[in-house]
Amino acid sequence: MITALANPQRFMALSRWLAPVLGAAAVALGSVGLGMGLNAPPDYQQGATVLIMFVHVPAAWLGMFAYACLAGSAFFGLVFRHSLADAAARAAAPLGAGFTLLALITGSLWGRPMWGAWWVWDARLTSELILFLFYVGYLALRAAIDDEAKADRAASILALVGAVNLPIVHYSVVWWNSLHQGESIFVKGGPLLAAVYLWPLALMGLAYTLGFGALWLVRIRAEVWRRRAGALAVQAAR
Amino acid sequence: MLGKYAGYVIPAYVISALVIGALAADSLARARRWRAEVKKREQLLGREPDAP
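About the cut-offs
Per chain, residue numbering runs from 1 following the sequence as it is written. Just so you know, chain letters begin at A and ligand numbers begin at 1, following the order they were written in. In view of the model being predicted, local features appear only for residues whose pLDDT reaches at least 70, and side-chain atom pairs are presented and counted only at 80 or more, with totals across whole chains, interfaces and linings using the full set of residues. Each helix corresponds to a stretch of at least 4 residues labelled H or I by DSSP, and each strand to a stretch of at least 2 residues labelled E; elements are numbered beginning at the N terminus. Only the C-alpha atoms count toward the radius of gyration. The rule for a globule is 2.2 Å times the residue count to the power 0.38. Here a residue counts as buried when 20 or more other C-beta atoms fall within 10 Å of its C-beta, as exposed when 12 or fewer do, and as partly exposed in between; the C-beta atoms come from the backbone. Distance between backbone-placed C-beta atoms decides contact: two residues are in contact if it is within 7 Å. Orientation is described by axes fitted as lines to C-alpha atoms, over the contacting stretch for helices, and by angles from 0 to 180 degrees between their N-to-C directions. If an angle is under 35 degrees, it is roughly parallel; if it is over 145, roughly antiparallel; if it lies from 65 to 115, roughly perpendicular; otherwise it is oblique. Note on residue classes: Ala, Val, Leu, Ile, Met, Phe, Trp, Tyr, Cys and Pro are nonpolar, Asp, Glu, Lys and Arg are charged, and everything else, Gly too, is polar. For a helix, the expected span equals 1.5 Å multiplied by the number of residues minus one. Handedness of a crossing follows from how the near helix is turned relative to the far one, being left-handed for an anticlockwise turn of less than a right angle and right-handed for a clockwise one. Every residue carries a pLDDT, the predictor's confidence in it, which falls somewhere between 0 and 100. By convention the nonpolar core is taken to be a set of buried residues drawn from Ala, Val, Leu, Ile, Met, Phe, Trp, Tyr and Cys and joined through C-beta atoms within 7 Å.

### Some words on the overall build of chain B
Move 1: Broken down by element type, chain B carries 1 helix and 0 strands.
Move 2: The C-alpha radius of gyration of chain B comes to 21 Å, more than 25% above the 10 Å expected for a compact globule of 52 residues.
Move 3: Each principal axis of the C-alpha atoms in chain B carries an extent, and together these give about 65 × 15 × 10 Å.
Move 4: Buried positions account for 21% of the 52 residues belonging to chain B.

Laid out in structure tokens, this is it:
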């Protein structure tokens, strides 16, 4: 499938209809999830702050998922030297940075009333901040190198180095004593969340993921056109 | 309904909407801009615009 999509013409034809479909599905699922979430009762311990979960958890999940997409694309770009893989990596970075920043901000807004602090140098928070800094570093490195091929290569290597941080973010609450709550969805014996919170959270997570898919496709298309415009400018100059 | 936590919950939702809205607007604007740029340059070279 990846080989088939590596053809830019085929990718452009597929993404032309897939991006709006994913976007519409994201809006529909997000509306239902948000409606259910905002009508959920206050938690017996956390009160109404539990509502922050419906925007914080999906953003944190996407920060990691987008980085996995970025690192995967960077790997294919490095190994197979395919421009579409480099375009996909480049397109994923700003989206992932945005969602990671959202996870940090909404987490801070949740942490202040529950922990009494906007920020603590806890393993989960710190590794999430490092994830954000890897995104910023990736974008800065790309912007700093004029030669497109060199920029692709250098940024891809940085992206692969940063992938080491992904399991650290995920398992930080298991490996270290953390103020952040532990795993509560994919645990042995089933989710620890009550159904009244679990369903809206699942819908919001799915909506965010589909929305990311739509925006990623749109940005890859923009990147393919940007490179095409560059190639045409070179042809016109000859 | 939100009581004393309104000052935390409302900003979390507003900031999420703003950031996601900005990402969507930027993505669509980039796609539109570069597509138009390709069309313009293809016309300058006297070529039929590539579909899609």
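### Notes on the overall build of chain A
Move 1: For chain A, the count of helices and strands is 8 helices and 0 strands.
Move 2: Taken from N to C terminus, the helices and strands of chain A fall in the order α-α-α-α-α-α-α-α.
Move 3: For chain A, the C-alpha radius of gyration of 20 Å lies close to 18 Å, the compact-globule estimate for 238 residues.
Move 4: Considering only C-alpha atoms, chain A reaches an extent of 70 × 35 × 30 Å along its principal axes.
Move 5: The buried share of chain A, reckoned over its 238 residues, is 41%.
Move 6: Expressed as a percentage of contacts within chain A between residues at least 6 apart in sequence, the contacts between residues at least 24 apart total 76%.

### Things to note about the packing of helix H5 (residues 123-144) of chain A against helix H6 (residues 148-162) of chain A
Residues and elements named next belong to chain A.
Move 1: Their axes nearest at 9 Å, the elements H5 and H6 cross at an angle of 170 degrees. Comparing their axes, H6 and H5 come out roughly antiparallel. Residues Phe-134, Gly-137, Tyr-138, Leu-141 and Arg-142 of H5 form the contact with H6, whose participating residues are Ala-151, Ala-154, Ala-155, Leu-158, Ala-159 and Gly-162.
Move 2: Its residues placed into classes, the contact of H5 with H6 shows 8 nonpolar, 2 polar and 1 charged.

### What to know about the environment of A:Met204
Residue and element names in this part refer to chain A.
Move 1: For Met-204, the location among the structural elements is in helix H8 (residues 195-237).
Move 2: Residue classification places Met-204 among the buried positions, given that 25 C-beta atoms sit within 10 Å.
Move 3: For the pair formed by Met-204 and Leu-34, sequence separation is 170 residues and the distance between their alpha carbons is 7.0 Å.
Move 4: The contacts of Met-204, once residues within four sequence positions are left out, are Gly-30, Gly-33, Leu-34, Gly-37, Phe-54 and Pro-58.

### Digging into the interface of chain A and chain B
Move 1: Listed by partner, the interface residues are 33 residues for chain A and 27 residues for chain B.
Move 2: Broken down by secondary-structure element, the contributors of at least two residues to the side of chain A that touches chain B are helix H2 (8-38), helix H3 (53-80), helix H4 (83-115) and H8 of chain A.
Move 3: Here the element with the most residues in the side of chain A that touches chain B is H8(A); it accounts for 13 residues.
Move 4: A class-by-class count of the residues in the side of chain A that touches chain B yields 22 nonpolar, 5 polar and 6 charged.

### Some thoughts on H5(A)
Move 1: Counted at 1.5 Å a residue, the expected span for H5(A) with its 22 residues is 32 Å, and the 31 Å between its end C-alpha atoms agrees.
Move 2: Among all positions in H5(A), only A:Ala123, A:Arg124, A:Leu125, A:Glu128, A:Leu131, A:Phe134, A:Tyr135, A:Tyr138 and A:Arg142 are buried.

### A word on the packing of H4(A) against H5(A)
Residue and element names in this part refer to chain A.
Move 1: Running from amino to carboxyl end, H4 crosses H5 at an angle of 150 degrees, the nearest separation of the two axes being 9 Å. Here H4 is positioned roughly antiparallel relative to H5, judged by the angle of their axes. Considering the relative orientation of H4 and H5, their crossing is left-handed. From H4, Arg-90, Ala-93, Pro-94, Gly-96, Ala-97, Thr-100, Leu-101, Ala-103, Leu-104 and Gly-107 reach across to H5, where they touch Leu-125, Glu-128, Leu-129, Leu-131, Phe-132, Tyr-135, Val-136, Tyr-138, Leu-139 and Arg-142.

### Thoughts on the confidence of the model for chain A
Move 1: Looking at chain A, pLDDT values average 91 and 98% of them are 70 or higher.
Move 2: The lowest-confidence element of chain A is helix H1 (residues 2-5) of chain A, averaging 62 in pLDDT; the highest-confidence one is H5(A), averaging 96.

### A few points about the nonpolar core
Move 1: Counting residues in each nonpolar core, the largest one holds 72 residues, and the members touching the most others are A:Ile52, A:Ala66, A:Leu70, A:Ala92 and A:Trp216.
Move 2: Those elements that place two or more of their residues in this core are H2, H3, H4, H5, H6 and H8 of chain A together with helix H1 (6-44) of chain B.
Move 3: With 17 residues, the top contributor of residues to this core is H8(A).

### A few points about the environment of A:Ala123
Move 1: Among the structural elements, A:Ala123 can be located in helix H5.
Move 2: Counting along the chain gives 24 residues from A:Ala123 to A:Asp147, while the straight-line C-alpha distance between them is 37 Å.

### Some thoughts on the environment of A:Ala74
All names here are of chain A.
Move 1: Locating Ala-74 in the fold gives a position in helix H3.
Move 2: For Ala-74, a count of 29 C-beta atoms within 10 Å translates into the label buried.
Move 3: The sequence separation of Ala-74 and Ala-159 amounts to 85 residues, and the corresponding C-alpha distance is 6.7 Å.
Move 4: Excluding residues that lie within four positions of it along the chain, Ala-74 makes contacts with Ala-89, Ser-156, Ala-159 and Leu-160.

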